[in-house]
Amino acid sequence: MSEGTFDLTGRVAMVTGANTGIGQGITVALANAGADVALVARRDPSETREMVEKAGRRAHVVMADLSSIEPCARVVEETVEALGSLDILVNNAGIIRREDALDFSEKDWDAVMDVNLKVLFFLSQAAARHMTGWASQGGRRGKIINIASMLTFQGGIRVPSYTASKSGVGGLTKLMANEWAPKGINVNAIAPGYIATNNTAALQADETRNRQIMERIPEGRWGDPADIGGAAVFLASRAADYVQGHILAVDGGWLAR
């Protein structure tokens with residue numbers, strides 16, 4: 001396999017939730033591999049934009065609230081207008097609500113399902129409609145990468161809507177791959193394990209929970225956003241042209257234990 005197999009030069013990626021953490025790690029990794037990147041976020045992702053530009057790539061910020069499907073078509077159109085195309089979509093944006101299943105509210109159920117599953121599907125649909133315009137003609141392939149979770153495989157506790165949504169992400173990834181592979185689009189997912197980000201700071205600071213987590217991870221450490229970025233570059237590249245409907249766990253061996 002040639003060195004250029006992982007080269008994303010000339011490709012345009014869109015990453016949702018690109019402000020911090022996993023989204024930022026993926027964005028920077030794609031830029032370092034040569035892609036120009038549209039950063040979709042509710043808050044100005046200025047730090048991520050600077051990191052993309054430092055890598056010598058173009059960064060275009062698309063401000064959007066992905067709590068509903070209203071912006072989906074617009075963010076694709078704006079990306080294509082600003083950067084010339086859309087080759088890679090990374091559905092990273094997501095939220096979580098915690099409460100015992102006996103007390104979980106409809107409001108929290110709907111909020112999580114809307115962002116994590118409904119918007120993911122309709123944004124993928126909008127991107128795929130653009131990608132099929134050239135991918136089905138035998139040109140470059142489109143790549144859609146969904147961010148799943150350990151709870152795509154496990155049940156968890158006190159996160160019923162999150163577990164349901166991430167289980168749904170796994171199913172939708174396979175369905176979209178089944179339908180869109182013949183149209184020249186690869187659809188896969190990444191399931192991160194315990195990644196050291198702002199969102200997991202409380203867990204890292206909890207001595208007991210941190211010890212319990214570390215004891216189960218064969219790799220013996222928390223993951224870094226860059227670990228997820230490397231997996232995203234692989235799935236976005238020509239190296240993964242024959243990978244379809246796969247959920248790639250990047251978890252330091254958590255599920256193996």
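Up top is the structure.
Keep in mind the model is a prediction, meaning the values are calculated, not measured. (Residues numbered from 1 in each chain as written. Predicted model: local features only at pLDDT ≥ 70, side-chain atom pairs only at ≥ 80, totals over all residues. Heavy atoms only, no water.)

Caption draft 1: Fine view of the environment of Arg 42. If you trace the backbone, Arg 42 turns up in the loop between strand 2 (36-41) and helix 2 (46-54). Residue classification places Arg 42 among the exposed positions, given a relative accessible area of 55%. For the pair formed by Arg 42 and Val 62, sequence separation is 20 residues and the distance between their alpha carbons is 8.6 Å. (Helix = DSSP H or I, 4+ residues; strand = E, 2+ residues; numbered from the N terminus. Buried < 20%, exposed > 50% of the residue type's maximum accessible area, 1.4 Å probe, protein only.)

Caption draft 2: Seen up close, the pairing of strand 5 (residues 142-147). Of all six residues that make up strand 5, six are buried, and the element is covered over most of its length. Here strand 5 shows a buried face lined by Gly 142, Ile 144 and Asn 146 and a second buried face lined by Lys 143, Ile 145 and Ile 147. Pairing between strand 4 (residues 88-91) and strand 5: four bridges, direction parallel. By the bridge assignment, Ile 88 is partnered in strand 5 with Lys 143. Of the strand pairs in this sheet, strand 5 and strand 6 (residues 185-192) are connected by six bridges, and their pairing is parallel. Counted as the bridge partner of Asn 146 is Ala 189 from strand 6. Where the polypeptide runs from strand 5 across helix 5 (residues 160-180) and back to strand 6, its parallel neighbour, the crossover connection is right-handed. (Pairing = 2+ DSSP bridges. Right-handed = clockwise from strand over helix to strand, strands pointing away.)

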